[in-house]
Amino acid sequence: MSMIVTLSACGSGAPAAEGGTETTQENGGTEDSGNSDVGEGGEITFTYLELGDQGTGLEDFYREVVDDFNNNNKGTYAVDVEWMQGSSPDYNNKLRMLNAADQLPTIFDAGGEISLYNTLKNNGRLVDVKPYIDADPEWKARLEDDCTEQFIEDDGAIYMVPEAAMCPVGIFWNKDLFAKAGIESFPETWDEFWEACDTLQAAGITPLALQTAGSAWTSMIIATSYMSSSQEGIDFMNLSFPETYDTPEFREMMEVYVKLFQYCNPDAIGGDYSLAQNHFTNEEAAMMINGAWMMETLRDTNYSPEGFEQHVGFTTLPGKTVVYSWNQVGRVISASATEEEIEAAVEYMKTLSTQEHVIRYFELTGGYSSKVELPEETYNNLMPTMKEYADMFKDIDHVIPNYQTQWNSIILNEVFTTDLPALVQGSIDMDQFIQIMDDAVKQYEE
Amino acid sequence: MRKNSTSTKIWIILFLIPTAAVFCLLFAVPLFTTVVSSFTKWNGMEPMKFVGLDNYIKIFQSKDFLTALKNTLIWAAAAAFIHVPFGVIVSLVLFRKRKGWKFVRSSFMIPNMISKTALALMFTFIFKPDVGILNSFLRGIGLEKWTHNWLQEEATALFSITNIWLWYAALITLITFSELTMISSGLAESAKIDGATDLQIDLLIYLPLLKRIIGTGVVIAVVGVFKEFETIFITTNGGPGNATMNLAMMMYNRIMNSSQYGYANALGVLLLLLSIGVLVICNKLFAMDKED
């Protein structure tokens, strides 16, 4: 059987999102690529900042692409990568600092935080790559139509090129822990979900691995997926940078958010992504949301017990919902690059979307393209959880945009980190929280 | 003679030029930029737009600022009235040179050799609600109801963060101890012959003589907590709510999350004015500007 991925309605977004990029490393250190020979012999060398995402397949994938690019373009182009260790917010902060010093790398990922992308775009810091896309029909054909259309700005330019494949966020669940609690399958509706949480808890099992630190990735994704329960909720999530959060749908969603914290480890309040991941991979929590890029972590014995991946399932969130946005990952080129560097960086962008790399992207991170046929052998060799992930695509009813691409950076990095713990613990009530959200909107607009 | 004097002046100027250049480049110019940009709306990319006192007005109208200022002042008070006195007391105890004093002195220094980042991370684990040492200890002695999510509950967060640095006063101990060694031992010996107790010698002889170095200690400690950033950033990010927010953290947030460089620099100017205020007050209180 050859499996053809057909999900044109679903967008992409690979794992720049917090879950995919946060690692257990706390510092924001960087590591050189070690390509000491790059740039020599008249090659055009350009700089590239990428997140070293230890424990997931992302870094492995990007390293392969970089090696292939450097080998295939020896003597012409060379990419000099700085692998930054840290989380997605660390990465964005580093970009802010480099931008302030006018030292942006030639190519980088600006999809992790749309506020930053907008700032760079509005201040003429990014290169319009549309002429390059239009000039190469083959490359254009490899990119998803939806995404290229979405990425055309009001001025007709395209500044950000997304991955050629998508990585929706669903939920990992520990089948053994569910079985211990007497639950045979993953709940499909929200009522069943809460019932399962109660049953797990009654059996002495912590249902959810959550966090509030960073941009609250593991908890906020579940809550925002609840928005698929109503058309009003879906409409709200489709709003880019809402003017107010004082809406019935958002209130209801936040009630769900608070309720989630009845079912997690106590250190989830104030905890970060790595903590949530540790709870899940150490079987201290039965469920955790994330994208397929976490698959490698399940069989990496540095993170998980031997054979852990054999009893972990992957499925949609309740309501057959997944979360992703095309623009959660997107490479951009700095306007301060020379014409030669821009051309070299465009070539690198093209390399990312070749058929060979799209298939590898799927194998290592779960990136799914509607334009590339997945070989049967590749499918058969997938680990069981990855097969479940691949099969999940046939059964998705709702796609909710990733909140990280819809809400401003003050909300994501400040309000969530400091005020979600206060809300969950009852130090502030829902009205106060929503007022804080609206104040953050005003402050951002200033 | 006159020729010699002129030549000396030239040499002095020549030797001062590198220092003055570095000072201007690394301190005076950024300081000037900070002050100027504090009166502008500036996102770090577009040209600065002069807005007069707008940033300062917004800052003083902001509830976040008042909370951050309150927290900053609480820490300043804790530094001046607990951290520094504790360091001085330890130095007075060590100065008696009882058995094992060198070991105590070295042990007391160790936390100061650990980076603030590592220390903050260490305390993050100590304060963890489920497996943290503090809660485990409290559970172990039957005080389960005293356990908290220390860094994430509004009632305990500020207190917990304060304890991360409050008791590590080795720098104060060192400078005070060094000052103590300069005091003539004859003074204490005479007092002893006259029947003074150790406590009386400390209170009536040593402390008055240590007045200026204690003033220096207060300046170092208070200005240090004004600038405190790493500990808060790593442990609570200023939360929950604004419970542990201070001015330095607020500055960082304004730059990183909304690129409001003008606003952030206005906060920086206020922080600088606060530090200068502390310096002036300490100068007066501890007579630091007076000759012996």
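What you see is a predicted model, and the numbers here were worked out from it, not measured in a lab.

Enquirer: Could you give an account of the overall build of chain A, naming the residues involved and the relevant values?
Expert: Along chain A, the regular secondary structure elements total 20 helices and 13 strands. Looking at chain A as a whole, 57% of its 446 residues are labelled buried. Considering only contacts in chain A between residues 6 or more positions apart, those separated by 24 or more positions represent 81%.

Enquirer: Before we move on, could you go through the interface of chain B and chain A and cite the residues and values that matter?
Expert: Many analyses report the size of an interface as the accessible area lost when the parts associate. Tallying the contact residues gives 24 residues for chain B and 25 residues for chain A. Among the elements that make up the side of chain B that touches chain A, the one with the highest residue count is helix α12 (residues 247-258) of chain B (4 residues). A per-class count over the side of chain B that touches chain A returns 6 nonpolar, 13 polar and 5 charged.

Enquirer: Which residues make up the domain arrangement of chain A, and what values do they have?
Expert: Residue and element names in this part refer to chain A. Domain assignment breaks chain A into domain 1 (3-167 + 326-394) and domain 2 (169-323 + 408-445). Taken together, the contacts link 28 residues of domain 1 with 31 residues of domain 2. Those elements that provide at least two residues to the side of domain 1 that touches domain 2 are α1 (18-21), α2 (57-72), α4 (114-122), α16 (355-365) and α18 (384-392). Per element, the largest residue contribution to the side of domain 1 that touches domain 2 is 6 residues, and it comes from α18. Looking at the side of domain 1 that touches domain 2, its residues break down into 12 nonpolar, 12 polar and 4 charged.

Enquirer: Explain helix α7 (residues 154-165) of chain B to me, and be specific about the residues and the numbers.
Expert: Among all positions in α7(B), only B:Ala157, B:Leu158, B:Ser160, B:Ile161, B:Thr162, B:Ile164 and B:Trp165 are buried. Buried residues in α7(B) make contact with α3 (63-95), α5 (116-126) and α11 (230-235) of chain B.

Enquirer: Residue-level account of the environment of B:Ala157, with values.
Expert: Residue and element names in this part refer to chain B. Secondary-structure assignment places Ala157 in helix α7. For the pair Ala157 and Gly238, spaced 81 residues apart in the sequence, the C-alpha separation amounts to 9.3 Å. With near-sequence residues (within four places) excluded, Ala157 lies in contact with Leu151, Gln152, Thr236, Pro240, Ala243 and Thr244.

Enquirer: Explain the nonpolar core to me, using residue names and the numbers behind them.
Expert: Counting residues in each nonpolar core, the largest one holds 135 residues, and the members touching the most others are A:Phe172, A:Ala209, A:Leu260, A:Cys264, A:Met287 and A:Ala345. At 9 residues, the largest contribution of residues to this core is made by helix α19 (residues 409-424) of chain A. Each of domain 1 (3-167 + 326-394) and domain 2 (169-323 + 408-445) of chain A gives at least three residues to this core. Not counting residues up to four positions away in its chain, the partners in contact with A:Cys264 are A:Thr206, A:Leu208, A:Ala209, A:Leu210 and A:Ala285. Grouped together as the second largest cluster of nonpolar side chains are 55 residues, B:Ile59, B:Leu210, B:Phe226 and B:Leu271 included.

Enquirer: Go over α12(B) with me, naming the residues and quoting the values.
Expert: In this model, α12(B) (12 residues) spans 16 Å end to end at C-alpha, consistent with the 16 Å of a helix rising 1.5 Å per residue. Of all 12 residues making up α12(B), 11 are buried, and the element is well covered by its neighbours. Here the buried face of α12(B) lies against α3 (88-100), α19 and α20 (430-445) of chain A together with α3, α11 and α13 (261-285) of chain B.

Enquirer: Tell me what's going on with the pairing of strand β7 (residues 169-174) of chain A, and back it up with residues and numbers.
Expert: All names here are of chain A. Burial analysis of β7 places 6 of its 6 residues in the buried class, which makes it a mostly covered element. Alignment of β7 against strand β8 (residues 287-291), held across 5 bridges, turns out to be antiparallel. Looking across to β8, one finds that Val169 is bridged to Gly291. When β7 meets strand β9 (residues 312-315), the two strands line up antiparallel, connected through 4 bridges. Its bridge partner lying in β9, Ile171 is registered against Thr315.

Enquirer: Requested: an account of unusual backbone geometry, with residues and values cited.
Expert: Put simply, B:Gly239 and B:Pro240 share a cis peptide bond, and its omega is -5°. Tracing the chain through its elements places B:Pro240 in the loop between α11 and α12. The backbone of A:Asp102 shows a phi angle near 55°, a positive value even though the residue is not glycine. A:Asp102 sits in the exposed class, given 11 other C-beta atoms within 10 Å. Here B:Asn237, not a glycine, exhibits a phi torsion of approximately 60°, which is positive. With respect to the helices and strands, B:Asn237 occurs in the loop between α11 and α12. Looking at B:Asn237, the number of C-beta atoms within 10 Å reads 22, which means it is buried.

Enquirer: Go over the packing of helix α4 (residues 101-113) of chain B against helix α8 (residues 170-182) of chain B with me, naming the residues and quoting the values.
Expert: Residues and elements named next belong to chain B. Relative orientation of the contacting elements α4 and α8 amounts to 130°, with a least axis distance of 9 Å. Judged on the interaxial angle alone, α8 and α4 are oblique. For the pair α4 and α8, contact is made by Phe108, Met109 and Asn112 and by Ala170, Leu171 and Thr173, respectively. Residue composition of the contact of α4 with α8, by class: 4 nonpolar, 2 polar and no charged.

Enquirer: Report on the environment of A:Glu414, specifying residues and quantitative values.
Expert: Relative to the helices and strands, A:Glu414 is located in helix α19. According to the C-beta neighbour criterion, A:Glu414 is buried, with 29 such atoms within 10 Å. The spacing of A:Glu414 and A:Ala213 is 201 residues in sequence and 9.4 Å in space, taken between C-alpha atoms. What A:Glu414 contacts, discounting residues up to four positions off in sequence, is B:Asn253 and B:Asn257.

Enquirer: Outline the packing of α19(A) against α12(B), supporting the account with residue identities and numerical values.
Expert: Running from N to C, α19(A) and α12(B) cross one another at 150°; their axes reach a closest spacing of 9 Å. In this view, α19(A) runs roughly antiparallel relative to α12(B), as classed from their interaxial angle. Where α19(A) crosses over α12(B), the two elements pack in a sense that is right-handed. Along its contact with α19(A), which presents A:Ser409, A:Ile410, A:Asn413 and A:Glu414, the element α12(B) presents B:Asn253, B:Met256, B:Asn257 and B:Ser258. Taken together, the residues that form the contact of α19(A) with α12(B) break down as 2 nonpolar, 5 polar and 1 charged.

Here is what the cut-offs are and how they apply
- Residues numbered from 1 in each chain as written.
- Chains lettered and ligands numbered in written order.
- Predicted model: local features only at pLDDT ≥ 70, side-chain atom pairs only at ≥ 80, totals over all residues.
- Helix = DSSP H or I, 4+ residues; strand = E, 2+ residues; numbered from the N terminus.
- Buried ≥ 20, exposed ≤ 12 C-beta atoms within 10 Å, placed from the backbone.
- Contact = placed C-beta atoms within 7 Å.
- Nonpolar A, V, L, I, M, F, W, Y, C, P; charged D, E, K, R; others polar.
- Domains from an automatic or database assignment.
- Core = buried A, V, L, I, M, F, W, Y, C linked by C-beta atoms within 7 Å.
- Expected span 1.5 Å × (residues − 1).
- Pairing = 2+ DSSP bridges.
- Axes fitted to C-alpha atoms, helices over the stretch in contact; angles between N-to-C directions.
- Parallel < 35°, antiparallel > 145°, perpendicular 65-115°, else oblique.
- Left-handed = near helix turned anticlockwise from the far one by under 90°.

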